[in-house]
Amino acid sequence: MATAASAARVTLFEDIFEVTALNPEGKKFDRVNRLSATGTTFECDLLLDINCEIYSLLEGEKMTLVLASTLNLDGSPDDHTAYNPSQMARNEPTLADNYEYVMHGRVFDVSYKKDGVVVIAISFGGLLCRLTGDQRHLSSVLPDMRLYVLIKKD
């Protein structure tokens, strides 16, 4: 089990989001839904593409979303350049065990706007994410960072 200190090192951002719209600009791809959501605690705005063939969220549903630097519960860094099946073979618990949908990606843009607002753009192998909110809550997410998004329904 992860300690509170190690969980704090792993988690870059966490909030509960309510899905406000599904495909707000129309459906572009058969297997992808774009979610528009608003954070309930930090009031961040989220646009997130998900593979709707393997995971679905509907308008009005709530989800916990976590951005994490590693899946290792002890906070040790991931090798972000290669998949490590030996971790699965050893049946070691990971942060992903507590979530229903996980993607690995890279921050490709961080834009600072007026009044302390930051816009973070992340690509998960072509599935995109845009997170907009107060930079005080998003300061741990840096340009070119490799990270995970973890989601579970509430």
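Residues numbered from 1 in each chain as written. Predicted model: local features only at pLDDT ≥ 70, side-chain atom pairs only at ≥ 80, totals over all residues. Heavy atoms only, no water.

Chemist: For the packing of aromatic side chains, give the residues involved together with the corresponding values.
Modeler: Within the structure shown, the criterion is met by three aromatic pairs. For the pair phenylalanine 13 and phenylalanine 17, a centre-to-centre distance of 6.3 Å together with 55° between the ring planes defines the contact as tilted. Residue phenylalanine 17 is classed as buried on the basis of its relative accessible area of 0%. Between tyrosine 55 and tyrosine 101 the ring centres are 5.1 Å apart and the planes differ by 20°, which places this aromatic pair in the stacked class. Taken together, the residues span a long stretch of sequence, with tyrosine 55 in the loop between strand S3 (45-51) and strand S4 (62-68) and tyrosine 101 in strand S5 (residues 101-112) at a distance of 46 residues. A residue is classified by how much of its surface remains accessible, and tyrosine 101, at 6% relative accessible area, is buried. A connected cluster of aromatic rings, assembled from ring pairs, spans Phe13, Phe17 and Phe42. Geometry around tyrosine 99 places lysine 152 over its ring, the cationic atom sitting 5.0 Å from the centre. (Phe/Tyr/Trp six-rings, centres within 6.5 Å; stacked < 30°, edge-to-face > 60°. Buried < 20%, exposed > 50% of the residue type's maximum accessible area, 1.4 Å probe, protein only. Helix = DSSP H or I, 4+ residues; strand = E, 2+ residues; numbered from the N terminus. Lys NZ or Arg CZ within 6 Å of the ring centre and 35° of its normal.)

Chemist: Go over unusual backbone geometry, please, and point to the residues and values.
Modeler: Backbone geometry follows two general trends: most residues other than glycine have a negative phi, and most peptide bonds adopt the trans configuration. Positioned with a positive phi, asparagine 23 is a non-glycine residue whose angle comes to about 50°. Here asparagine 23 is to be found in the loop between strand S1 (11-22) and strand S2 (32-39). Phi is positive for aspartate 144, close to 65°, though the residue is something other than glycine. Assessed through its relative accessible area of 40%, aspartate 144 is described here as partly exposed.

Chemist: Describe the environment of leucine 95, naming the residues involved and giving the relevant values.
Modeler: Summarising the element assignment, leucine 95 is placed in the loop between helix H2 (85-89) and S5. Leucine 95 gets classed as buried once you look at its relative accessible area, which sits at 12%. In sequence terms leucine 95 and glycine 75 are 20 residues apart; their C-alpha atoms lie 9.9 Å from each other. Ignoring sequence-local partners within four residues, the contact set of leucine 95 consists of Val10, Ala68, Thr70, Leu71, Leu73 and Leu150. (Contact = heavy atoms within 4.5 Å.)

Chemist: Before we move on, can you summarise the pattern of salt bridges with the specific residues and values?
Modeler: For the structure on display, the rule yields five salt bridges. When the shortest N-O distance is used, the salt bridge between aspartate 144 and arginine 106 registers 2.4 Å. Of this pair, aspartate 144 sits in the loop between helix H3 (135-138) and strand S8 (146-153) while arginine 106 sits in strand S5, and the two are 38 residues apart along the sequence. Close ionic contact of arginine 136 with aspartate 134 constitutes a salt bridge, the shortest N to O distance being 2.7 Å. Since its relative accessible area comes to 64%, arginine 136 is described here as exposed. Here the residues in one salt-bridge network are Arg106, Asp144 and Arg146, joined through shared partners. (Salt bridge = Lys/Arg side-chain N within 4 Å of Asp/Glu carboxyl O.)

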